[in-house]
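Secondary and tertiary structure notes
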Amino acid sequence: MKFQAIKGVRDILPPESALWNRVEQAARDVFHTYGYGEIRLPIFEPTELFARSIGTETDVVAKEMYTFEDKPGGLPPLGPYVPPEDYTAALEHAMRSGQIPDMQSNRAVLDGLKGWLGIMKDELVPQEQRSAAFGNWTATLGHIVLGEQLSLRPEATASVVRAYIEHGMHTRPGNVKLHYIGPMFRRERPQKGRYRQFYQIGAELLGPSDHPALDAEVIEMLLAFFARVKLTGAKLYINSIGDKNCRPAYVERLRSELQKVHEKLGADSQRRIETNSLRVLDSKLPEEQPIIDKLPHIADHLCDACREHYAELKRQLALRNIEYEENWRLVRGLDYYMRTTFEITAPGLGSQNAVCGGGRYDGLVELLGGPAATKGIGFAIGTDRLMLSLEEAGAAATCGLDVFVAWFGAATYPAAAALARKLREQDISVELPAQEMKFGKSLSLADRLGARFAVIVGEDELAAGEFTVKRLADADQGKLAEADLLEYLKKSRTA
Ligand code: AMP
C-alpha cells in the first residue's frame, strides 16, 4: 500500500519552502511598517460562522466547505447488544457532562426516548405496541445532534471578525490592524493555481472610520509587499459595488435584465439569476460575454454617498501614484463585501490569474454580533499563485548550506563535531557526515548538496591547529586557524 497526498493538496518541499518563508517574512516586515500585528487563528470554526458571514448562497459555503460533526468518542456504538435503556442513560450522561450539546432539541429527543422506553418496559402494554415503541425509540434517536457542525476555514476574514468581537478589540485605541498567514480549505476542482488546501496572506483593518484613505492605504501596503518580493507585471483592478442603500435596487434591475436573456445563458448563470445575480458578472464563459457586456453597470446606480466614496478612493490612489484599472464586473464571490472591491492579477498563471482579492465589509462586524459602528476593509493574497508567478519569473531558493565539514581519521571526529557546533552557534548552516567517508566521495557529496565551502579536518590539520577551507565554486583553498576560520565563514555566510 502506497500512500499519497489526497487530490488537491500537496507538499511544499525544501528548497522551495525557503522561498515561501522569505515571502511570508517579507509580508510580516512590510505589514509591520503599516502598524499591523499578526493574529494566529484556529483552522476550524463553527460552520454557522462562515454561513452567516460569507453567505449561504455562495459557492464557497454551498459547495466547497469541508464540514464535519464534532462527535464525542465515548458513546457506546448502537447495536443489538446495547439495551435501549443503557443507551438512553449513556446519552443523558453525555449531555449532562457536556460531551454532546445540551440544547433544546436534544433535550426533547431525550424526553421522547424516555417516553418510548417507558412503553417498552410496561408489562401491561400489549407486546405488539411494545415492539412498535422500540421502532419509535430508534427513529427518535436518529434526531439527536451528537456534536457541533464545524468547518475547516475556507477563508479568514470571518475568523478575524469573530476574534475582534470575542476579545472586545473595539476598545483598543485607533484602528485595529491584523494580518494572518496560513492554509485555507475549499473543495474546488483542482487545476494549476487552484488547490483544495491553499495558503493565504491577508490583512484586515477594523475601526470606526470608513474613509477612502484607509482603502487606498491598504492597497498601497499590498503593492509595497508585491514590490518587496519583486513581483512584476501585477495589475490592480477596482470597483465599487454600492451599499445596502443602493445595491438592492441595482441587483433587482440586474435580475430583471437577466431574466429577459435567461434562455441564452448557461446553467450556472441561470441558477445564479435567482440565488446570487451579481455573480453572473463573474462568468468567464465566452458565449455569455456579449450578453453580460450589455447589462446595466453598478456605477450608474450608486447612491450619492457611495459615489462620493468611490470618487475619493480614486483621488486617494492617484495621490499615491497608484495605477489602477476600473472593472465594473468585479463583484467578488463573498456576500459581505460592500463599496470598494479590488483584485490584483499577476502574469504566468493562466486562467487562475488573481493573486489577491479584497474589499470593504462595513456591515460584517454587526452581522456577527459586534458593535454596529465598526467598519472593515481587508484583502487576501493567494500565496500559492504568488509563488507560481515568482517562480515563473525566475525566483528560486537554494538549500542555503554554507559548510560541509569533511573529516578523515576516527581521531578527528571530536574536533570536527566541536567545530560544527561552533559554526552553527554563529548561524552558519553546516553538514557533518556521521560516518567517515573517502576524500573524493566526501567532496563530491559537499558539491551535490550545494555547500559553498568544505572545511577539511584531517590528522595533519589537527596536529597543526589549522583547518583547510575550500570554496567549492572555484576550488580556491587555504589554511586557517579556528578563530580566523570562524571570522572568514561568518563574513561569507548566506543570508
Ligand atoms: P478569496 O478569498 O476567494 O477572495 O480569494 C483570495 C485569493 O486567494 C484569490 O485571489 C486567489 O489568489 C486565492 N485563492 C482562492 N481560492 C484558491 C484556491 N482554491 N487555490 C489557490 N488559491 C486560491
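Summarised in this report is the structure supplied together with it.

Definitions and cut-offs
- Residues numbered from 1 in each chain as written.
- Predicted model: local features only at pLDDT ≥ 70, side-chain atom pairs only at ≥ 80, totals over all residues.
- Heavy atoms only, no water.
- Buried < 20%, exposed > 50% of the residue type's maximum accessible area, 1.4 Å probe, protein only.
- Helix = DSSP H or I, 4+ residues; strand = E, 2+ residues; numbered from the N terminus.
- Contact = heavy atoms within 4.5 Å.
- Core = buried A, V, L, I, M, F, W, Y, C linked by side-chain atoms within 4.5 Å.
- Near = heavy atom within 4 Å.
- Polar contact = N/O pair within 3.5 Å; in protein donor to acceptor, adjacent residues only side chain to side chain.
- Pairing = 2+ DSSP bridges.
- Axes fitted to C-alpha atoms, helices over the stretch in contact; angles between N-to-C directions.
- Phe/Tyr/Trp six-rings, centres within 6.5 Å; stacked < 30°, edge-to-face > 60°.
- Lys NZ or Arg CZ within 6 Å of the ring centre and 35° of its normal.

**Considering helix H2 (residues 47-54)**
The buried count for H2 comes to six of eight residues, which makes it a mostly enclosed element. Every buried residue of H2 is listed here: Thr-47, Leu-49, Phe-50, Ala-51, Ser-53 and Ile-54. Among the structural elements, strand S2 (44-46), helix H3 (59-64), strand S3 (67-69), strand S4 (149-152), helix H7 (157-166) and helix H13 (364-367) are those in contact with the buried residues of H2. Of the residues one or two after H2, Gly-55 is the one with positive phi, at around 110°.

**Points about the nonpolar core**
Counting 95 residues, the largest nonpolar core has Phe-225, Phe-226 and Phe-379 as its most contacted members. Counting residues per element, this core draws most heavily on helix H8 (residues 212-228), at eight residues. Formed by 18 residues, the second largest nonpolar core is a distinct cluster that contains Ala-416, Ile-428, Phe-453 and Leu-489.

**Considering the site of the ligand**
Contacts to the ligand come from 15 residues, most closely from Arg-186, Glu-188, Tyr-195, Arg-332 and Ala-354. Within the side chain of Arg-186, a nitrogen or oxygen atom sits 2.8 Å from an oxygen atom of the ligand. For the ligand, a nitrogen atom lies 2.8 Å from a polar atom in the backbone of Tyr-195. For the shell around the ligand, the secondary structure elements donating two or more residues are strand S6 (197-207), strand S10 (354-360) and strand S11 (375-382). When residues of the shell around the ligand are assigned to their parent elements, the largest contribution, four residues, is made by S10.

**Quick notes on the sheet that holds strand S12 (residues 403-407)**
An order of S13-S12-S14-S15-S16 is seen for the five strands of this open sheet, with the pairing classed as mixed. Strand pairing shows two members of the sheet lacking a second neighbour, strand S13 (430-431) and strand S16 (476-480), which therefore form its edges. Bridge analysis of strand S15 (residues 467-471) against S16 gives five bridges, and the strand direction is antiparallel. What sits directly across from Phe-467, in S16, is Leu-480. Against the sheet, helix H15 (residues 413-425) engages S12, S13, strand S14 (453-457) and S15, with an angle of about 170° to S12. Where helix H18 (residues 482-491) meets the sheet, it contacts S12, S14, S15 and S16, and its direction lies at approximately 20° from that of S15.

**Remarks on the packing of aromatic side chains**
Enumeration according to the criterion identifies 13 aromatic pairs in this entry. Between Trp-20 and Tyr-199 the ring centres are 5.4 Å apart and the planes differ by 80°, which places this aromatic pair in the edge-to-face class. One end of the pair, Trp-20, is in helix H1 (residues 16-33); the other, Tyr-199, is in strand S6, with 179 residues separating them in the sequence. By relative accessible area, which is 5% here, Trp-20 ends up buried. Put simply, the rings of Phe-31, Tyr-36, Phe-225, Phe-226 and Phe-379 pair up and form one aromatic cluster. It is Arg-10 that lies over the ring of Tyr-195; its NZ or CZ is 4.1 Å from the centre.

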